[in-house]
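# Residue-level structural notes
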Amino acid sequence: MAQTEETTALIIEHTVKVSEQKHYEKWLAEILNAVSRASGYLGREVFPPGGTGKTYTTIVRFNSPENLHGWLGSAERSEFIEQLDDILENGDRTTIKAGIDVWFEPADAPRKTPAYKQFLVTLAGIYPLSLIVPNVLSPLFASNNLLGNRFVSGFFVSAVIVGLMTYLVMPNATRLLHGWLNAQTKGEKNND
């Protein structure tokens with residue numbers, strides 16, 4: 001079976017018994033260390049509960065659905081999950097998402113990145129690429145009649161930009177701008 005190169009995220013929600021939060025955080029550090037060695041691992045974000053909440057949301061990103069499912073079904077992860085039997089209130093809840101939306105947390109995350117911040121980060125990545133990529137590829141388009149067709153060249157430029165955004169720009173931008181993307185704004189409350 002061929003591997004599909006599409007950024008895929010495992011979104012994990014664990015509602016932890018209040019008396020077990022320290023134990024859970026130690027467990028979380030250990031499993032995150034283990035997953036960082038998994039094939040196709042790209043990065044992670046952890047959203048601890050806010051205020052008096054008890055739900056931790058963790059997003060772990062992989063370079064393909066196959067690698068994510070490899071980790072999800074691994075014996076190593078199963079052993080970690082077995083350790084949570086007496087710690088969690090609602091069990092191990094997971095969701096899988098793919099595509100560009102995996103770079104921002106899910107709609108039900110404790111703190112949702114405001115749409116204007118998502119827009120600004122995406123624009124900051126796409127705008128320079130939309131200027132650079134066509135200029136870099138223009139000699140290729142000029143040398144080939146098929147590639148010189150504006151629909152073919154437009155498709156080719158779009159594919160390169162989307163690939164760069166998915167695999168290079170967004171993983172690094174969201175990592176570097178994590179604090180700003182997830183900063184709580186005035187009047188924002190956690191309802192966990």
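Quick look at the structure, then. (Residues numbered from 1 in each chain as written. Predicted model: local features only at pLDDT ≥ 70, side-chain atom pairs only at ≥ 80, totals over all residues. Heavy atoms only, no water.)

On to the sheet that holds strand 4 (residues 93-98), then. The strand order across the open sheet built from four strands is 2-3-1-4, with neighbouring strands paired in antiparallel fashion. Each of the sheet's edge strands pairs with one partner strand only, and the pair in question is strand 2 (41-47) and strand 4. In this sheet, neighbouring strand axes are inclined to one another by 15° on average, regardless of whether the strands run parallel or antiparallel. Taken together, the six bridges between strand 1 (residues 8-15) and strand 4 define a ladder with antiparallel strand orientation. In the strand pairing of strand 4, I11 is matched with T95. (Pairing = 2+ DSSP bridges. Helix = DSSP H or I, 4+ residues; strand = E, 2+ residues; numbered from the N terminus. Axes fitted to C-alpha atoms, helices over the stretch in contact; angles between N-to-C directions.)

Turning our attention to helix 3 (residues 75-82). Regarding helix 3, the residues found buried are R77, F80 and I81. For helix 3, the buried positions fall inside an angular range of 100° around the axis, keeping them on one side. With respect to the buried face of helix 3, the exposed residues turned more than 90 degrees away are A75, E79 and E82. Residues of helix 3 that are buried make contact with strand 1, helix 1 (21-35), helix 2 (65-72) and strand 4. (Buried < 20%, exposed > 50% of the residue type's maximum accessible area, 1.4 Å probe, protein only. Arc of directions from axis to C-beta. Contact = heavy atoms within 4.5 Å.)

A few words on the nonpolar core. Among the nonpolar cores identified, the biggest contains 21 residues, and Y24, W27, V35, F62, W71 and L84 are the most heavily contacted of them. Broken down by element, the residue count for this core peaks at seven residues, all from helix 1. Not counting residues within four places of it along the chain, the set of residues in contact with V35 comprises Y41, V60, F62 and W71. Within the second largest apolar cluster, 12 residues are counted, among which are V121, L137, V157 and L181. (Core = buried A, V, L, I, M, F, W, Y, C linked by side-chain atoms within 4.5 Å.)

Keep in mind that these numbers describe shape and distance, not what the molecule does.
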